[in-house]
Amino acid sequence: MDLPEELDQLRASARRLCEDELSPRAADIDRANLFPADMWAKLGGLGLLGMTVPEEFGGTGLGYLAHVIAMEEVSRASASVGLSYGRTRTCA
């Protein structure tokens, strides 16, 4: 499936962040059974939170396809963090 350039860039940015910051810690996160709170700020800083929320309500309004792309990249790095991230689809 050919994606719009905006979504390709989103995927690349999310993948880079997750490969650099999340993947190396995934086993420790699972072992400790603690959510890495610092990752939340990093995901938010990249614009990955509130993507399904319209801009007028504080989200980015990118929609569910963007959310699924980001969730795929987060889950690739850490399935447990991916589950938590997936639950944020409506949070800004």
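Note: the structure precedes this text.
In this numbering scheme, every chain counts its residues from 1 along its sequence in written order. For a predicted model such as this one, the threshold for reporting local features is a pLDDT of at least 70, and the threshold for listing and counting side-chain atom pairs is 80 or more; totals across whole chains, interfaces and linings nevertheless cover every residue. In computing side-chain properties, one takes all heavy atoms of the structure into account and sets aside hydrogens as well as water.

A.B. asks: Describe the overall build of the chain, listing the residues and the values that go with them.
C.D. replies: Elements are defined by DSSP. Helices are runs of H or I of four residues or more, strands are runs of E of two residues or more, and each kind is numbered from the N terminus. Helix and strand counts for the chain come out as 5 helices and 0 strands. Order of helices (α) and strands (β) in the chain, N terminus to C terminus: α-α-α-α-α. Throughout, radius of gyration means the C-alpha value; the globule benchmark is 2.2 Å times the number of residues raised to the power 0.38. Scaling as 2.2 N^0.38, a compact globule of 92 residues should have a C-alpha radius of gyration of about 12 Å, and the chain matches this with 13 Å. Summarising its shape, the C-alpha atoms of the chain cover approximately 35 × 30 × 20 Å along the three principal directions. With a 1.4 Å probe rolled over the protein chains alone, any residue whose accessible area is under 20% of its type maximum counts as buried; one over 50% counts as exposed, and the rest are partly exposed. Split into buried and exposed, the 92 residues of the chain put 35% on the buried side. Intrachain contacts of the chain at a sequence separation of at least 6 include 58% that bridge at least 24 residues. Working definition of accessibility: Shrake-Rupley area with a 1.4 Å probe, residue cover restricted to the visible protein chains. About 5,500 Å² of surface is accessible on the chain, with carbon and sulfur atoms providing 53% of the total. We call two residues contacting when some pair of their heavy atoms lies within 4.5 Å.

A.B. asks: Please set out helix H5 (residues 79–86) residue by residue, giving values where relevant.
C.D. replies: Side chains of residues three or four places apart in an α-helix project in the same direction, reflecting 3.6 residues per turn. Listing the buried residues of H5 in full gives Val-81, Gly-82, Tyr-85 and Gly-86. Looking down the long axis of H5, one finds its buried residues gathered within 135 degrees of arc, a one-sided arrangement. Looking at the buried residues of H5, the elements they touch are helix H1 (5–22), helix H2 (26–32), helix H3 (37–45) and helix H4 (64–77). Each direction from the helix axis to a C-beta atom contributes to the arc, which is the arc of those directions.

A.B. asks: Hey, could you go over the pattern of salt bridges for me, with residue numbers and the actual values?
C.D. replies: We define a salt bridge as a side-chain nitrogen of Lys or Arg found within 4 Å of a carboxyl oxygen belonging to Asp or Glu. The final tally for this structure, using the stated rule, is 8 salt bridges. The salt bridge partner of Glu-73 is Arg-15, with a shortest N-O separation of 2.9 Å. Of this pair, Glu-73 sits in helix H4 while Arg-15 sits in helix H1, placing them 58 residues apart in sequence. Residue Lys-42 is joined to Asp-38 by a salt bridge in which the shortest nitrogen-to-oxygen separation is 3.7 Å. Residue Lys-42 and its partner Asp-38 are located together in helix H3, separated by 4 residues, close to a single helical turn. The network of salt bridges with common partners includes Arg-11, Arg-15, Glu-72, Glu-73 and Arg-76.

No statement about biological role is implied by the geometric values presented.
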